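So the chains spell out like this:
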Amino acid sequence: DPLSTKAIEEALGAREGIDPEQARLIAHLARGSYTRALEYAHSALGERRNEAVELLRAMVLKPRLELLAEIDRIHTEYERPRVEELLQLLQYWLRDAMMLQAGIGDETVGGDAGALRKFLQRYPSARYDALLDDLERAISLLSKNVYIPLILLHLAGAVKSHVEPASLR
């Protein structure tokens with residue numbers, strides 16, 4: 001049976017000496033697997049999280065040709081599980097943004113409160129429920145072997161439409 005997020009988080013802190021904030025992020029990504037949590041613990045997860053935020057920035061801000069180049073880079077350099085991880089990291093980041101916007105708390109899974117607040121200021125009317133639904137759909141399509149560039153391009157269009165008000169598009 002899968003372990004609870006809390007159990008993995010506590011084990012990472014006690015056994016591996018990982019700080020609570022990082023342990024929380026890893027536990028969420030591990031989806032019940034302590035083995036997977038250990039793999040994340042010994043990888044450059046912070047860099048990957050930053051890369052997920054950069055992908056979000058590209059989807060929202062970059063001109064279409066630059067976005068297509070970024071999507072092509074991801075498709076060329078990453079295997080399907082890594083793309084899935086990238087989208088999951090983006091999900092957690094956006095979940096944190098939604099929680100901050102709702103005033104639920106300052107504690108974030110990703111520990112990136114400054115960038116989150118900046119995002120909230122720039123896009124106060126972002127529709128997080130729709131963003132998270134579209135990310136979940138994209139992750140599901142990855143498991144169905146749909147062409148990665150097509151998934152990311154469709155996701156980029158959806159992200160842009162959910163982040164920017166219609167008057168700015």
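Residues numbered from 1 in each chain as written. Predicted model: local features only at pLDDT ≥ 70, side-chain atom pairs only at ≥ 80, totals over all residues. Heavy atoms only, no water.

Chemist: Talk me through the overall build of the protein chain; I want residue IDs and the actual numbers.
Modeler: Each helix and strand counted, the protein chain has nine helices and zero strands in total. Along the protein chain, helices (α) and strands (β) appear in the sequence α-α-α-α-α-α-α-α-α when read from the amino end. Its C-alpha atoms give the protein chain a radius of gyration of 16 Å, within 12% of the compact-globule value 15 Å for 169 residues. Projected onto its principal axes, the C-alpha coordinates of the protein chain cover approximately 50 × 35 × 25 Å. Burial analysis of the protein chain (169 residues in total) assigns 45% to the buried set. Put simply, 63% of the contacts in the protein chain that link residues at least 6 apart link residues at least 24 apart. Only carbon and sulfur atoms are counted for the fraction: they give 51% of the accessible area of the protein chain, which is about 9,100 Å². (Helix = DSSP H or I, 4+ residues; strand = E, 2+ residues; numbered from the N terminus. Rg over C-alpha atoms; globule rule 2.2 N^0.38 Å. Buried < 20%, exposed > 50% of the residue type's maximum accessible area, 1.4 Å probe, protein only. Contact = heavy atoms within 4.5 Å. Areas by Shrake-Rupley, 256 points an atom, 1.4 Å probe, with all protein chains shown as cover.)

Chemist: Account for the environment of Leu 116, with residues named and values stated.
Modeler: Relative to the assigned elements, Leu 116 resides in helix 7 (residues 113-122). Separated by 66 residues in the primary sequence, Leu 116 and Asn 50 have C-alpha atoms spaced 12 Å apart.

Chemist: So what's going on with the layout of surface pockets? Which residues, and what values?
Modeler: Quantified by volume, the largest pocket comes out at close to 220 Å³. Lining the largest pocket are Val 53, Leu 56, Arg 57, Val 60, Leu 61, Trp 93, Ala 115, Lys 118, Phe 119, Arg 122 and Tyr 123. Of all the secondary-structure elements, those providing two or more residues to the lining of the largest pocket are helix 4 (45-61) and helix 7. In terms of residue count, the dominant contributor to the lining of the largest pocket is helix 4 (five residues). Looking at side-chain class alone, the lining of the largest pocket contains eight nonpolar, no polar and three charged residues. (1 Å grid on protein atoms, 1.4 Å probe; cavity = no way out; pocket = protein on both sides within 12 Å on 5 of 7 lines; lining within 4 Å. Points joined across faces, edges and corners; volume = space filled by probe spheres on them. Nonpolar A, V, L, I, M, F, W, Y, C, P; charged D, E, K, R; others polar.)

Chemist: Mind laying out the pattern of salt bridges, listing which residues take part and the relevant values?
Modeler: Counting across every chain of the model gives nine salt bridges. Here Arg 48 makes a salt bridge to Glu 85, at a shortest N to O gap of 3.0 Å. Separated by 37 residues along the polypeptide, Arg 48 in helix 4 and Glu 85 in helix 6 (residues 80-102) bring together distant segments of the chain. Both residues of the pair, Arg 48 and Glu 85, belong to the buried class. Here Arg 57 ties to Glu 54 by a salt bridge, and the two come within 2.4 Å at their closest N and O atoms. One end of the pair, Arg 57, and the other, Glu 54, are both in helix 4, three residues apart, so they sit about a helical turn from each other. (Salt bridge = Lys/Arg side-chain N within 4 Å of Asp/Glu carboxyl O.)

Chemist: Talk me through the environment of Gln 121; I want residue IDs and the actual numbers.
Modeler: On the secondary structure map, Gln 121 appears in helix 7. Using a relative accessible area of 67% as the deciding quantity, one classes Gln 121 as exposed. Remark: the alpha-carbon pair of Gln 121 and Glu 66, spanning 55 residues in sequence, is separated by 25 Å.

Chemist: Describe the side chain of Gln 91, naming the residues involved and giving the relevant values.
Modeler: Relative to the elements of secondary structure, Gln 91 occurs in helix 6. Accessibility expressed as a relative area gives 14% for Gln 91, which makes it buried. In contact with Gln 91, other than residues within four places in its own chain, are Leu 132, Leu 135, Glu 136 and Ile 139.

Chemist: So, the packing of aromatic side chains: which residues are in play, and what are the values?
Modeler: For the structure shown, the criterion picks out three aromatic pairs. Note on Phe 119 and Tyr 123: the rings are 5.1 Å apart at their centroids and 50° apart in plane angle, and the pair reads as tilted. Grouping residues by exposure puts Phe 119 and Tyr 123 together as buried. Among the aromatic side chains, those forming a connected cluster through ring pairs are Trp 93, Phe 119, Tyr 123 and Tyr 128. Seen from the ring of Tyr 34, Arg 15 lies directly overhead, with NZ or CZ sitting 5.5 Å from the centre. Against the face of Tyr 78 rests Arg 82, its NZ or CZ located 4.3 Å from the ring centre. (Phe/Tyr/Trp six-rings, centres within 6.5 Å; stacked < 30°, edge-to-face > 60°. Lys NZ or Arg CZ within 6 Å of the ring centre and 35° of its normal.)

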